[in-house]
Amino acid sequence: MEYTFSDRTNNLKPSAIREIFKYAADPTVVSLSAGNPSPDAFPAKELEEISARLFKENPIALLQYSVTEGYAPLRAHLKKYMSEKYSVGTELDDILITTGAQQIMDFATKSLVNEGDVIITEAPSFIGSLNSFRAYNAKLVGVPVESDGMNMELLEEALKNNDRVRFIYTIPNFQNPSGVTMSMEKREKLYELAKKYNVLILEDNPYGDLRYSGEFLPAIKSLDTDGRVIYAGSFSKVISPGMRVAYTIAPQPIIQKMTVCKQGSDVHTNIWSQMVCYEFLTKYDFEAHLDRLRSIYREKAKFCMDLLDKYCAPEITYDKIDGGLFIWCRVPKGANMPEFVKKAIENKVCVVPGNAFLTDEKDETDGFRINFSTPTDEQLEKGVRILGELAKTYK
Ligand SMILES: Cc1ncc(COP(=O)(O)O)c(C=O)c1O
């Protein structure tokens, strides 16, 4: 039998990261390619306690079908929490609980983007979102990321030169993969440009609570006075990615449309996970939990940057980070990045080649992404040492 697939999916390629995971699964290979929370970061005992109690008290509520919009107490709590703590959300917004933030990218595109419409993204950007956008045959236009966020002149050019832009996709805090945080000035400018060219903004913020140094910066959504920003929050990096609980706060008509998309997709987010998440947020000290995560990642990030200084300088350069789980590195001058990454794999260390995060993978970059949250300290030291030894061969 010969199979014919839709144009929509013919556009999709297996993610380069998934391909790399094949090597990463080899126990002799050190993987710096994942993006998983540290095994030490999960509140496993608390989640076990909550699950046991909920099963004892009201098992049917956990096991029965539920409503598409999400568990009402969780929605109410998040609305209040996000508004009071971060000024995110107004009375013109609503909230939808989703199955991971990945689903928000899918539904935002499904709701708003016709084939050939343009989505402007940071370059590089998160591959999972790029693939969601590609699945709807959107045209992706990448705007280079600088040390303080997107280049605003090039963003304006992209807005001027493309008349079918539907939204600008941004990860303003500790961007995946670059680790970059957008400055306040650029957040304001981005909002102003979106207003000037009458486009929406999709603000993806899974790492915002993982700031371990520097000053907190307000969300772009907190500047939203005219219903232009779709905010995506997730508990994947701060509680558990396996739980698959995330939420979007956006103008009511957009939430209504996304809710219809969800009805036809997975009906509702796992109610068991939502209830466990709600209990953890409200009956335990969530702020103390976040503090604990920040201290784990502060230490791990410093350890990794010290290793890069020790083993890889000056050949491999990188940008210092203030939060999140990733460090963007650059191959030695004159080295070919894909070849460097291939050699690293041959030497038993996996990193993600930077072009995997570009709107066109054929574009060139000298960057690659490493993750420090998943490997143990021993693995991290071994992996960075191997990268350093490889880098020295380019002297
Ligand atoms: C920037 C960004 N957005 C969204 C996601 C998806 O997260 P979730 O597990 O909530 O679907 C990730 C996961 O790595 C991410 O890095």
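Residues numbered from 1 in each chain as written. Predicted model: local features only at pLDDT ≥ 70, side-chain atom pairs only at ≥ 80, totals over all residues. Heavy atoms only, no water.

Engineer: Could you give me a rundown of the overall build of the chain, with the residues and numbers involved?
Structural biologist: Each helix and strand counted, the chain has 14 helices and 14 strands in total. Compactness check: the chain gives a C-alpha radius of gyration of 21 Å against a globular reference of 21 Å for 395 residues, within 12% of the reference. Burial statistics for the chain: of 395 residues in total, 55% are counted as buried. Put simply, of all contacts in the chain between residues at least 6 apart along the chain, 77% involve residues at least 24 apart. For the chain, the accessible area works out to roughly 17700 Å², and carbon and sulfur atoms hold 51% of it. Counting 48 positive and 55 negative side-chain charges, the chain places the centres of these two groups 2 Å from one another. (Helix = DSSP H or I, 4+ residues; strand = E, 2+ residues; numbered from the N terminus. Rg over C-alpha atoms; globule rule 2.2 N^0.38 Å. Buried < 20%, exposed > 50% of the residue type's maximum accessible area, 1.4 Å probe, protein only. Contact = heavy atoms within 4.5 Å. Areas by Shrake-Rupley, 256 points an atom, 1.4 Å probe, with all protein chains shown as cover. Lys, Arg positive; Asp, Glu negative; His and termini not counted. Charge placed at Lys NZ, Arg CZ, Asp CG, Glu CD.)

Engineer: Any details on a nonpolar patch on the surface? Residues and values, ideally.
Structural biologist: A surface patch of nonpolar side chains, amounting to about 480 Å² of accessible area, comprises Met 1, Tyr 3 and Phe 5. Structurally, Met 1 is set in the segment before helix H1 (7-10). (Patch = residues over 30% accessible without salt bridge, like charges linked within 9 Å, V, L, I, M, F, W, Y side chains within 5 Å. Salt bridge = Lys/Arg side-chain N within 4 Å of Asp/Glu carboxyl O.)

Engineer: Which residues make up the site of the ligand, and what values do they have?
Structural biologist: Near the ligand there are 13 residues, and of these Ala 101, Asp 204, Tyr 207, Ser 234 and Ser 236 occur at the shortest range. Within the side chain of Ser 234, an N or O atom sits 2.7 Å from an oxygen atom of the ligand. For the ligand, an oxygen atom lies 2.9 Å from a polar atom in the side chain of Lys 237. When the ligand sits alone it has 400 Å² of accessible area, and the protein chains cover 91% of it. Taken together, the residues that form the shell around the ligand break down as 5 nonpolar, 5 polar and 3 charged. (Near = heavy atom within 4 Å. Polar contact = N/O pair within 3.5 Å; in protein donor to acceptor, adjacent residues only side chain to side chain. Nonpolar A, V, L, I, M, F, W, Y, C, P; charged D, E, K, R; others polar.)

Engineer: Give a detailed account of the sheet that holds strand E5 (residues 149-150), specifying residues and quantitative values.
Structural biologist: On the basis of which strands lie adjacent, the open sheet formed by 8 strands has the order E2-E9-E8-E7-E6-E3-E4-E5 and mixed pairing. On the outer flanks of this sheet lie strand E2 (93-98) and E5, each paired with one strand and no other. Here 4 bridges tie strand E7 (residues 200-204) to strand E8 (residues 229-234), and the two strands are oriented parallel to one another. By the bridge assignment, Leu 202 is partnered in E8 with Ile 230. Helix-sheet contacts for helix H8 (residues 152-161) involve strand E3 (118-123), strand E4 (139-146), E5 and strand E6 (165-170), and the interaxial angle to E4 is about 165°. Packed on one face of the sheet, helix H10 (residues 252-263) meets E2, E7, E8 and strand E9 (246-251) and runs near 25° to E2. (Pairing = 2+ DSSP bridges. Axes fitted to C-alpha atoms, helices over the stretch in contact; angles between N-to-C directions.)

Engineer: For unusual backbone geometry, give the residues involved together with the corresponding values.
Structural biologist: A cis amide bond links Asn 176 to the next residue, Pro 177, at an omega of 20°. Tracing the chain through its elements places Pro 177 in the loop between E6 and helix H9 (184-196). In this structure, Pro 314 follows Ala 313 across a cis peptide bond, with omega equal to 0°. For Pro 314, the position within the fold is in the loop between helix H12 (286-312) and strand E10 (317-318). Even without glycine at this site, Arg 244 takes up a positive phi of about 55°. Considering the arrangement of structural elements, one finds Arg 244 in the loop between E8 and E9. At Val 267, a position not held by glycine, the phi torsion is positive, near 70°. Counting through the fold element by element, Val 267 comes out in the loop between H10 and helix H11 (271-283).

Engineer: Talk me through the packing of aromatic side chains; I want residue IDs and the actual numbers.
Structural biologist: For the structure shown, the criterion picks out 14 aromatic pairs. Between Tyr 71 and Tyr 278, the ring centres sit 5.7 Å apart and the planes meet at 80°, which makes this aromatic pair edge-to-face. With Tyr 71 in the loop between helix H4 (59-63) and helix H5 (72-86) and Tyr 278 in helix H11, this residue pair connects regions lying 207 residues apart in the sequence. On the basis of relative accessibility, which here comes to 18%, the residue Tyr 71 falls in the buried class. Given the relative accessible area of 19%, Tyr 278 is considered buried. Considering the side-chain rings of Trp 328 and Phe 357, the 6.3 Å spacing of their centres and the 70° angle between planes classify their relative orientation as edge-to-face. Pair noted here: Trp 328 is in strand E11 (residues 326-330) and Phe 357 is in the loop between strand E13 (352-353) and strand E14 (367-371), with a separation of 29 residues, a long-range link. With respect to burial, Trp 328 and Phe 357 carry one shared label: buried. (Phe/Tyr/Trp six-rings, centres within 6.5 Å; stacked < 30°, edge-to-face > 60°.)

It is worth stressing that arrangement in space is one thing and function is another; only the former is reported here.
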